[in-house]
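Structural overview
What follows is each chain in one-letter form.
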Amino acid sequence: MSVGDWKEILSGIPEQEYFVKLLNFLNKECAKNKVIFPPKGQWFKAFELTSFNDTQVVILGQDPYHGKGQAQGLSFSVKENIPIPPSLRNIFKELQSDLGCTIPNNGNLTAWAENGVLLLNSVLTVEINSPGSHANRGWETFTDSVIEILSKNKNNLVFMLWGTYAQKKRNLIDSEKHLILTSPHPSPFSAHTGFFGCKHFSQANKYLQSHGHQLINWEL
């Protein structure tokens, strides 16, 4: 299911009834030749690239991109050869405004993941051209458990909750141990209502620095 130190931390989950049902559902969908994104080998990519021990920031998304070739197992991220989605472009604009970062020419956020940013979607798979198609199948139970485990067992993490969906996860996080940053979603429909100017990236680094943690290099 996962690699590195996550494997031990999440060791009891694969045997749980909801997770067995989830995998059965996904296997049946694959047997019907349904096209699922990201590809099977990338469902747990966020955990492969960002170990539990190295996690310092969590950016929570909803479900993967549903267009062909977009999803790669990291929230908001797309491969180099894929046009940058509008929400991610707005994230880059805020980064430039906040920290002076150069806006990259692609949307691959792997470097963030390797630098301690857990790019976690609430739902880890989706059927092609069908947003939300794998909601309420068990993924939310799994990723809620991940958030709770991080909150309980680590200190001084930064959780970035953008939009009302992500903010519903706030009650899973101990606000006395961690920094919770909230804003409207970076979508073009809401970015101008408070995402732009939120300065979450500089706030995250100030918080990490104040607790003796390594800063995140947000430049891509």
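Residues numbered from 1 in each chain as written. Predicted model: local features only at pLDDT ≥ 70, side-chain atom pairs only at ≥ 80, totals over all residues. Heavy atoms only, no water.

So, the layout of surface pockets
Size it by volume and the largest pocket reaches roughly 470 Å³. What lines the largest pocket is a set of 25 residues, and nearest its centre among them are Gln 62, Asp 63, Tyr 65, Phe 76 and His 185. Mapped onto the lining of the largest pocket, the elements with two or more residues apiece are β2 (57-61), α4 (86-99) and α7 (163-167). Among the elements that take part in the lining of the largest pocket, α7 stands out by supplying 4 residues, more than any other. Split by residue class, the lining of the largest pocket holds 13 nonpolar, 11 polar and 1 charged. (1 Å grid on protein atoms, 1.4 Å probe; cavity = no way out; pocket = protein on both sides within 12 Å on 5 of 7 lines; lining within 4 Å. Points joined across faces, edges and corners; volume = space filled by probe spheres on them. Helix = DSSP H or I, 4+ residues; strand = E, 2+ residues; numbered from the N terminus. Nonpolar A, V, L, I, M, F, W, Y, C, P; charged D, E, K, R; others polar.)

Observations concerning the packing of aromatic side chains
Tallied over the full model, the rule gives 17 aromatic pairs. Geometrically, the ring pair formed by Trp 6 and Phe 52 is edge-to-face, given 5.4 Å between the ring centres and 85° between the ring planes. On the criterion of sequence distance, the pair formed by Trp 6 in helix α1 (residues 5-9) and Phe 52 in the loop between α3 (45-49) and β2 is long-range, its members being 46 residues apart. This pair shows no difference in class: Trp 6 is buried, exactly as Phe 52 is. Ring centres 6.2 Å apart and planes at 45° place the aromatic pair Trp 112 and Phe 201 in the tilted group. On the criterion of sequence distance, the pair formed by Trp 112 in helix α5 (residues 110-113) and Phe 201 in helix α8 (residues 200-210) is long-range, its members being 89 residues apart. A connected cluster of aromatic rings, assembled from ring pairs, spans Trp 6, Tyr 18, Phe 19, Phe 44, Phe 47, Phe 52, Trp 139 and Phe 142. Lying over the aromatic face of Phe 25, Arg 137 brings its terminal NZ or CZ to 4.1 Å of the ring centre. (Phe/Tyr/Trp six-rings, centres within 6.5 Å; stacked < 30°, edge-to-face > 60°. Buried < 20%, exposed > 50% of the residue type's maximum accessible area, 1.4 Å probe, protein only. Lys NZ or Arg CZ within 6 Å of the ring centre and 35° of its normal.)

So, helix α2 (residues 17-31)
A rise of 1.5 Å per residue sets the reference length of α2, with its 15 residues, at 21 Å; its end C-alpha atoms lie 21 Å apart and thus fit the reference within 8%. Among all positions of α2, only Tyr 18, Phe 19, Leu 22, Phe 25, Leu 26 and Glu 29 are buried. Buried residues of α2, viewed axially, fall in a sector of 120°; they line one side. Projecting away from the buried face of α2 at angles above 90 degrees are the exposed residues Glu 17, Lys 21, Lys 28 and Ala 31. On the buried face of α2, the contacting elements are β1 (36-37), β4 (126-127) and α6 (139-153). Asn 33 sits one or two residues past α2 and shows a positive phi near 65°. (Expected span 1.5 Å × (residues − 1). Arc of directions from axis to C-beta. Contact = heavy atoms within 4.5 Å.)

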